[in-house]
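Examining the three-dimensional arrangement
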Amino acid sequence: HFLRKTKINELPQIINVIKGDISIVGPRPLVQKTFSMYSENIQSKIYKIKPGITGIGSIVFRDEESIISSVKNENPFDFYRRVISPHKAELEMWYQKNKSLFLDFIIIFITAWIILFPNSKVYQKLFKDLPVRKF
């Protein structure tokens with residue numbers, strides 16, 4: 001639990017960064033079942049960016065597991081497909097539209113910040129034009 005909460009379990013992915021398989025910032029790789037929930041248009045755009053250890057979707061949905069487990073009157077998978085997946089797609093399109101080295105540095109900083117302060121919503125203050133969570 002501690003490893004997942006602090007994201008220490010992500011450190012071995014640094015090897016993949018060194019090998020060039022992934023970058024530090026980019027869309028998180030998804031399993032095919034959840035990736036297929038995106039439209040083909042969104043999928044093709046996400047494929048153009050190298051996946052990353054952290055990204056805007058990882059920041060906004062840092063608490064994804066608790067969000068899904070709090071769903072009471074809907075199948076968690078259906079909730080993910082109806083609510084989370086479309087919002088993550090919007091976030092990834094926002095990142096692609098605004099992608100820059102400066103933005104990547106900010107995302108790295110925010111990732112470190114929310115590891116230390118998990119309830120922080122600093123990203124909302126820094127990214128005023130970010131798609132808003134609808135739940």
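A short tour of the structure in this document, coming up. All values derive from a computational prediction rather than experimental measurement.

**What to know about the packing of aromatic side chains**
In the structure shown here, the tally under the stated rule is five aromatic pairs. With 5.9 Å between their ring centres and 35° between their planes, Phe109 and Trp113 make a pair best called tilted. Note that Phe109 and Trp113 are positioned in helix α8 (residues 101–116) at a spacing of four residues, about one turn of the helix. Classification of Phe109 by relative accessible area gives partly exposed; the value is 46%. Owing to a relative accessible area of 32%, Trp113 belongs among the partly exposed residues under this scheme. Ring pairing ties together the aromatic residues Phe35, Tyr38 and Tyr47, which thus form one cluster.

**Thoughts on α8**
With 16 residues, α8 should reach 22 Å at 1.5 Å per residue; the first-to-last C-alpha distance of 23 Å fits that figure. Three or more residues of α8 are buried, namely Leu103, Asp104, Ile106, Ile107, Ile110, Thr111 and Ile114. Down the axis, α8 shows its buried residues gathered within 160° of arc, on one side only. Opposite the buried face of α8, by more than 90 degrees, sit the exposed residues Leu101, Phe102, Phe105 and Leu116. Buried residues along α8 sit in contact with β1 (23–25), β2 (52–54), α5 (56–60), α7 (76–98) and α9 (122–126).

**Comments concerning the nonpolar core**
A general tendency of soluble globular proteins is for nonpolar side chains to be buried together. In this structure, Ile56, Tyr95, Ile107, Ile110, Phe127 and Leu130 are the most contacted members of the largest nonpolar core, which totals 25 residues. Mapped by element, the contributors of at least two residues to this core are α5, α6 (64–69), α7, α8 and α9. Looking at this core element by element, the count peaks at seven residues for α7. Sequence-distant contacts of Phe127, that is, excluding residues within four places in its chain, are made with Ile56, Trp94, Leu103, Ile106, Ile107 and Ile110. Formed by six residues, the second largest nonpolar core is a distinct cluster that contains Tyr38, Ile42, Ile46 and Met93.

Parameters at a glance
Throughout, residues of each chain are indexed from 1 in the direction in which the sequence is written. In keeping with the predicted nature of the model, local features appear solely for residues at pLDDT of at least 70, side-chain atom pairs appear and are counted solely at 80 or more, and the whole-chain, interface and lining totals rest on all residues. As a rule here, side-chain values cover all heavy atoms of the structure and leave hydrogens and water aside. For this analysis, a ring pair means two rings from Phe, Tyr or Trp (six-membered ring only for Trp) whose centres lie within 6.5 Å, classed as stacked if their planes differ by under 30 degrees, edge-to-face if by over 60, and tilted for the remaining angles. Comment: elements are numbered from the N terminus, with helices defined as DSSP H or I runs of at least four residues and strands as E runs of at least two. Using a 1.4 Å probe on the protein chains alone, a residue whose accessible area is under 20% of its type maximum counts as buried, one over 50% counts as exposed, and one in between counts as partly exposed. Each helix should span, by expectation, one fewer than its residue count multiplied by 1.5 Å. The arc in question is the one spanned by the directions pointing from the helix axis to the C-beta atoms. Note on contacts: a residue pair qualifies if any of its non-hydrogen atoms lie within 4.5 Å across the two residues. Here, nonpolar core means buried Ala, Val, Leu, Ile, Met, Phe, Trp, Tyr and Cys residues that are tied together by side-chain atoms lying within 4.5 Å of each other.

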